[in-house]
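Residues per chain are reported as follows:
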Amino acid sequence: SEIEGDVNKGDDRCTNYHVLDDETRNKQYNVEGVVYYDSSDPPTLHPHDLGTSLDWKGEGWYRFLPPAGTTLTMRQPFSHGNCGTYGAGWLAGNHPLNPGESLNQTVCLFYHFVCDASQQVIIHNCGDYYVYYLSDIIGRYCGVEGV
């Protein structure tokens, strides 16, 4: 008979990830003039550009932790300065419901309109939390508490 155990046992994604925990990437953070990018080669588009996010390590698996939030927000940002960037990234889709399940989803980037640009991501349900496979964007992945 099959032994039931931890759904994440042996799943490298759920144990080998980078952490996004900078308070400025939380959706509640809204300070005009703080502009970071989740990019290894950030642009200099604005006089307030501060370069690469301090917690960004390049393409790979990430987990959101406080004070950045616990998940990638599913609510669109409402102003520049949200999440400490000019192009706040928000999830235009859902998180996978079942532990061990993965979904391909779209992150929209808010510059002037709801979804000026987009990036494909993978979201994996690790049981008590989610991990996200993220790539460089000209903006920033925006965190929130809860789903």
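What you see as residue numbers is a count from 1 along each chain, following the sequence as written. Reporting in this predicted model follows two pLDDT cut-offs: at least 70 for local features of residues, and 80 or more for side-chain atom pairs to be given and counted; totals over whole chains, interfaces and linings ignore these cut-offs and use all residues. Heavy atoms throughout the structure, all of them, feed into the side-chain values; hydrogens and water do not.

Only centres within 6.5 Å qualify two rings of Phe, Tyr or Trp (six-membered ring in Trp) as a pair; their planes then separate them into stacked at under 30 degrees, edge-to-face at over 60, and tilted for everything else. Following the criterion strictly, the structure yields 6 aromatic pairs and no others. In textbook terms, an aromatic cluster arises when at least three aromatic residues are bridged by ring pairs, as seen for Trp 56, Tyr 62 and Tyr 141. By definition here, charges over rings are those cases where NZ of Lys or CZ of Arg is within 6 Å of the ring centre and within 35 degrees of the ring normal. Lying over the aromatic face of Tyr 129, Arg 63 brings its terminal NZ or CZ to 3.7 Å of the ring centre.

Chemically, a disulfide is nothing more than a covalent bond linking the sulfur atoms of two cysteines. Cysteine sulfur atoms are paired as a disulfide whenever they come within 2.5 Å of each other. For the coordinates displayed, the defined rule picks out 3 disulfides. Bridging Cys 14 to Cys 126, the disulfide has an S-S length of 2.1 Å. Residues Cys 14 and Cys 126 are joined through a disulfide that is left-handed, its torsion about the S-S bond being -90°. With Cys 14 in the segment before β1 (18-20) and Cys 126 in the loop between β8 (117-125) and β9 (130-134), this residue pair connects regions lying 112 residues apart in the sequence. On the basis of relative accessibility, which here comes to 2%, the residue Cys 126 falls in the buried class. The disulfide pattern of the chain is 1-5, 2-6, 3-4 when the bonded cysteines are numbered in sequence order. Numbering of helices and strands runs from the N terminus, with a helix taken as a DSSP run of H or I at least four residues long and a strand as a DSSP run of E at least two residues long. A simple rule labels every residue: compare its accessible area, found with a 1.4 Å probe on the protein chains alone, to the largest value its type can have, and call it buried under 20%, exposed over 50%, or partly exposed in between.

Residue position: Arg 63 is located in strand β4 (residues 60-64). As used in this structure description, the phrase polar contact means that two N or O atoms lie within 3.5 Å; if the pair is within protein, one of them must be able to donate a hydrogen and the other to accept it, and residues adjacent in sequence are counted only when both atoms belong to side chains. A distance of 3.0 Å separates a polar atom in the side chain of Arg 63 from a polar atom in the side chain of Tyr 17. Not counting chain neighbours up to four residues away, the residues in contact with Arg 63 comprise Tyr 17, His 18, Val 19, Leu 20, Tyr 129, Tyr 130 and Val 131. A contact between two residues is defined here by any heavy atoms of the two lying within 4.5 Å.

For Pro 47, the location among the structural elements is in the loop between β2 (35-37) and β3 (49-52). It is 39 Å that separates the C-alpha atoms of Pro 47 and Ser 102, two residues lying 55 residues apart in sequence.

A separate point is unusual backbone geometry. A cis geometry characterises the amide bond from Pro 66 onward to Pro 67, with omega recorded as 5°. When you line up the elements, Pro 67 lands in the loop between β4 and β5 (71-72). A positive phi is found at Cys 83, a non-glycine position, where the angle reads about 65°. In this fold, Cys 83 is placed in the loop between β5 and β6 (88-91). With relative accessibility at 0%, the residue Cys 83 sits in the buried group.

Once that is clear, we can look at the pairing of β9. The buried fraction of β9 is high, at 4 of 5 residues. In this sheet, β9 lies alongside β4 in antiparallel orientation, the contact comprising 3 bridges. Note that in β9 the partner of Tyr 62 across the bridge is Tyr 132. Sheet topology places β8 next to β9; 4 bridges connect them, and they run antiparallel. In this analysis, strands are considered paired if DSSP registers two or more bridges between them.

With respect to topology, 7 strands assemble into an open sheet ordered β1-β4-β9-β8-β7-β6-β10, the strand pairing being mixed. The open sheet has two edge strands, β1 and β10 (140-141), and neither has a second partner. The sheet contact formed by β6 and β10 spans 2 bridges and is parallel. Note on β10: the bridge partner recorded for Gly 89 is Tyr 141.

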